[in-house]
Amino acid sequence: FMQMDFCVAIHFEDDYGFIKYNVETKHVMIVLNNEVKKQEILEFLNSELSVNLPNDTLMDFSAKVVEPLASLADLKIALTRLWDNTGVLVDWSRPVEC
């Protein structure tokens, strides 16, 4: 049994929602009332992102280009940069039903 959907809670100011990603189809759905922020998230997740990721130690980093919707691993990396790029916070610890 493989989990087909990954969901994570998000919020912008008092607007709470979630991002749902289908691992098989690589399709993302964003549920948020703020249409402007929703569009910003969509544009961000559809763009390549250059990030510095640790190698063997936290003192040793390499630049890597990720395509957020290409894989669940890339999506999770991109979501760690969502706040800096859109002002939308990922609520990693808040459970969400999707």
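First, a word on what this report is: a plain description of the structure on this page. (Residues numbered from 1 in each chain as written. Predicted model: local features only at pLDDT ≥ 70, side-chain atom pairs only at ≥ 80, totals over all residues. Heavy atoms only, no water.)

## Some thoughts on the pattern of salt bridges
Applying the stated criterion across every chain yields a total of five salt bridges. A salt bridge links Lys37 to Glu40; its shortest N-O distance comes to 3.2 Å. With a gap of three residues between them, Lys37 and Glu40 both fall in helix α1 (residues 35–45), about one helical turn apart. Look at Lys37 and you get buried, because its relative accessible area is 13%. In this structure Glu40 comes out as partly exposed when scored by relative accessible area, which is 30%. For Asp74, the salt bridge identified is with Lys64, shortest N-O distance 3.8 Å. Here Asp74, found in helix α2 (residues 72–79), pairs with Lys64, found in strand β5 (residues 61–66); they are 10 residues apart in sequence, far enough to count as distant. The class of Asp74 is buried, set by a relative accessible area of 11%. You can call Lys64 partly exposed: its relative accessible area is 37%. (Salt bridge = Lys/Arg side-chain N within 4 Å of Asp/Glu carboxyl O. Helix = DSSP H or I, 4+ residues; strand = E, 2+ residues; numbered from the N terminus. Buried < 20%, exposed > 50% of the residue type's maximum accessible area, 1.4 Å probe, protein only.)

## Focus on unusual backbone geometry
Unlike most non-glycine residues, Glu13 shows phi in positive territory, near 55 degrees. Secondary-structure assignment places Glu13 in the loop between β1 (5–12) and β2 (15–22). Phi is positive for Lys26, close to 65 degrees, though the residue is something other than glycine. Within the element layout of this structure, Lys26 appears in the loop between β2 and β3 (27–31).

## Topic: the sheet that holds strand β6 (residues 89–91)
The strands that make up a sheet are held in pairs by hydrogen bonds between backbone atoms, and each pair lies either parallel or antiparallel. Read from one edge of the open sheet, four strands run β3-β2-β1-β6, paired in antiparallel fashion. One side of each edge strand has no neighbouring strand; the edge strands of this open sheet are β3 and β6. Neighbouring strand axes in the sheet, compared pairwise and without regard to direction, differ in orientation by 30 degrees on average. The sheet contact formed by β2 and β3 spans five bridges and is antiparallel. When the bridges of β3 are listed, Lys20 appears paired with Met29. (Pairing = 2+ DSSP bridges. Axes fitted to C-alpha atoms, helices over the stretch in contact; angles between N-to-C directions.)

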